[in-house]
Amino acid sequence: MKSITEFWKPALAKGQKAKADLIAAGKTPEEILAGLGETFKLEGDKLKHFFNAIDVAIAHPEKLQRVLVVSLSEGEKAPQKATQVEEHFYVPEFVKEIKPPEEKETKNSKGGRGGKGNKQDRGPKPSPWGLSPEEIAAKKAGSKKNQPAKKE
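Residue positions are given per chain, counting from 1 as you read along its sequence in written order. Per-residue local features are limited, in this predicted model, to residues with pLDDT of at least 70; the limit for side-chain atom pairs, both in listing and counting, is 80 or more; totals at the level of whole chains, interfaces and linings are taken over all residues. As a rule here, side-chain values come from all non-hydrogen atoms in the structure, and water together with hydrogens is ignored.

A.B. asks: Which residues make up helix H2 (residues 29–40), and what values go with them?
C.D. replies: The helix and strand labels rest on DSSP assignments: H or I over at least four residues marks a helix, E over at least two residues marks a strand, and numbering proceeds from the N terminus. Helices are assigned an expected span. That span is 1.5 Å times one less than the residue count. Over its 12 residues, H2 runs 16 Å from end to end, which matches the ideal 16 Å to within 8%, given 1.5 Å per residue. Between buried and exposed lies partly exposed: a residue is buried under 20% and exposed over 50% of the maximum accessible area for its type, with that area taken using a 1.4 Å probe on protein chains only. Those residues of H2 not exposed but buried are Ile32, Gly35, Leu36 and Gly37.

So this is what it looks like as structure tokens:
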């Protein structure tokens, strides 16, 4: 398969609009072809390929990315959805949607690799400079309450 040229969606969309305007004005097919050539500064085979690619784009409007114009060697099969016009094939290419990755279930209930669990389960992060004076006092008061009474 030999690629001859390609036409991207924005150019094809503008071409469809220009072609529709020329048809609405009552122009003949030759005048439409000449009008598209002047508008897009195309001539010869490139203009003929562009005109045919517009028809392929109209036939496949959903998620079209570009239309490739290719010629096939002897014995090659045409790609799926390809349209043959004379000796060339017009192959529409579509946008491929990327699927988001599926979330995998974790092995343990806390998540991760079996380490310390989620950071959310640990509570607030302590200060890197140690305990504040209020926290030290609360800790001492808590430890005195939990100590058993001394025997005398």
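A.B. asks: Describe the packing of helix H1 (residues 9–24) against helix H3 (residues 45–59), listing the residues and the values that go with them.
C.D. replies: Here an axis means a line fitted to C-alpha atoms, over the contact stretch when the element is a helix, while the angle between two N-to-C directions is reported on a 0 to 180 degree scale. Closest axis-to-axis distance for the H1/H3 pair is 9 Å, and the angle between their directions is 95°. When the interaxial angle is binned, H1 and H3 end up roughly perpendicular. For the pair H1 and H3, contact is made by Ala11, Leu12, Gly15, Gln16 and Lys19 and by Phe50, Phe51, Ala53, Ile54, Asp55, Ala57 and Ile58, respectively. Polarity classes work like this: nonpolar for Ala, Val, Leu, Ile, Met, Phe, Trp, Tyr, Cys and Pro, charged for Asp, Glu, Lys and Arg, and polar for all others, with Gly in that last group. Across the contact of H1 with H3, the residue classes break down as 8 nonpolar, 2 polar and 2 charged. Angles are sorted into four bins: roughly parallel if under 35 degrees, roughly antiparallel if over 145, roughly perpendicular if 65 to 115, and oblique for all others. Whether two residues are in contact is decided by their heavy atoms: any pair within 4.5 Å suffices.

A.B. asks: Describe the packing of H2 against H3, and please don't skip the residues or the numbers.
C.D. replies: Between H2 and H3, the least distance of the axes is 10 Å, while the angle of their chain directions is 105°. In this view, H2 runs roughly perpendicular relative to H3, as classed from their interaxial angle. Each of Ile32, Leu33, Leu36, Gly37 and Phe40 in H2 lies in contact with H3, whose residues at this interface are Leu47, Phe50, Phe51 and Ile54.

A.B. asks: I'd love a proper account of the pattern of salt bridges, names of residues and values included.
C.D. replies: The term salt bridge refers to a side-chain nitrogen of Lys or Arg lying within 4 Å of a carboxyl oxygen of Asp or Glu. Per the counting criterion, the structure on display carries 6 salt bridges. For Asp21, the salt bridge is made with Lys17, and the minimal N-O distance between the two is 3.5 Å. A residue pair is termed a helical-turn pair when its members lie 3 or 4 positions apart in one helix, as Asp21 and Lys17 do in helix H1 at 4 residues. Classification of Asp21 by relative accessible area gives partly exposed; the value is 45%. Through salt bridges with shared partners, a single network forms among Glu6, Arg66 and Glu93.

A.B. asks: Any details on unusual backbone geometry? Residues and values, ideally.
C.D. replies: A positive phi angle, near 55°, is found at Lys63, a position not held by glycine. Given a relative accessible area of 47%, Lys63 falls into the partly exposed group. Unlike most non-glycine residues, Glu86 shows phi in positive territory, near 55°. Relative to the elements of secondary structure, Glu86 occurs in the loop between strand S3 (83–85) and strand S4 (88–94).

A.B. asks: Which residues make up the pairing of strand S2 (residues 64–71), and what are the values?
C.D. replies: When a strand is regular, its side chains alternate between the sheet's two faces. Where burial is concerned, most of S2 is hidden: 7 out of the 8 residues are buried. Strand direction decides the pairing type here: strand S1 (residues 2–8) and S2, joined by 6 bridges, are antiparallel. Paired with Thr5 across the strands is Val69, a residue of S2. At least two DSSP bridges between two strands are needed for those strands to be called paired.

A.B. asks: How would you summarise the packing of aromatic side chains if you had to cite specific residues and measurements?
C.D. replies: A pair of aromatic rings is counted whenever rings of Phe, Tyr or Trp (Trp by its six-membered ring) have centres within 6.5 Å, and the orientation is called stacked for planes under 30 degrees apart, edge-to-face for over 60 and tilted otherwise. Under the criterion given, the structure shown has 2 aromatic pairs. Arranged with centres 5.0 Å apart and planes meeting at 55°, the rings of Phe40 and Phe50 form a pair that is tilted. Taken as a pair, Phe40 in helix H2 and Phe50 in helix H3 lie far apart in primary sequence, 10 residues in all. Accessibility expressed as a relative area gives 2% for Phe50, which makes it buried. Of the aromatic side chains, those joined through ring pairs into one cluster are Phe7, Phe40 and Phe50. The positively charged end of Lys19 is found above the aromatic ring belonging to Phe51, 4.4 Å away from the centroid. A ring has a charge above it when a Lys NZ or an Arg CZ is no more than 6 Å from the ring centre and no more than 35 degrees off the ring normal.

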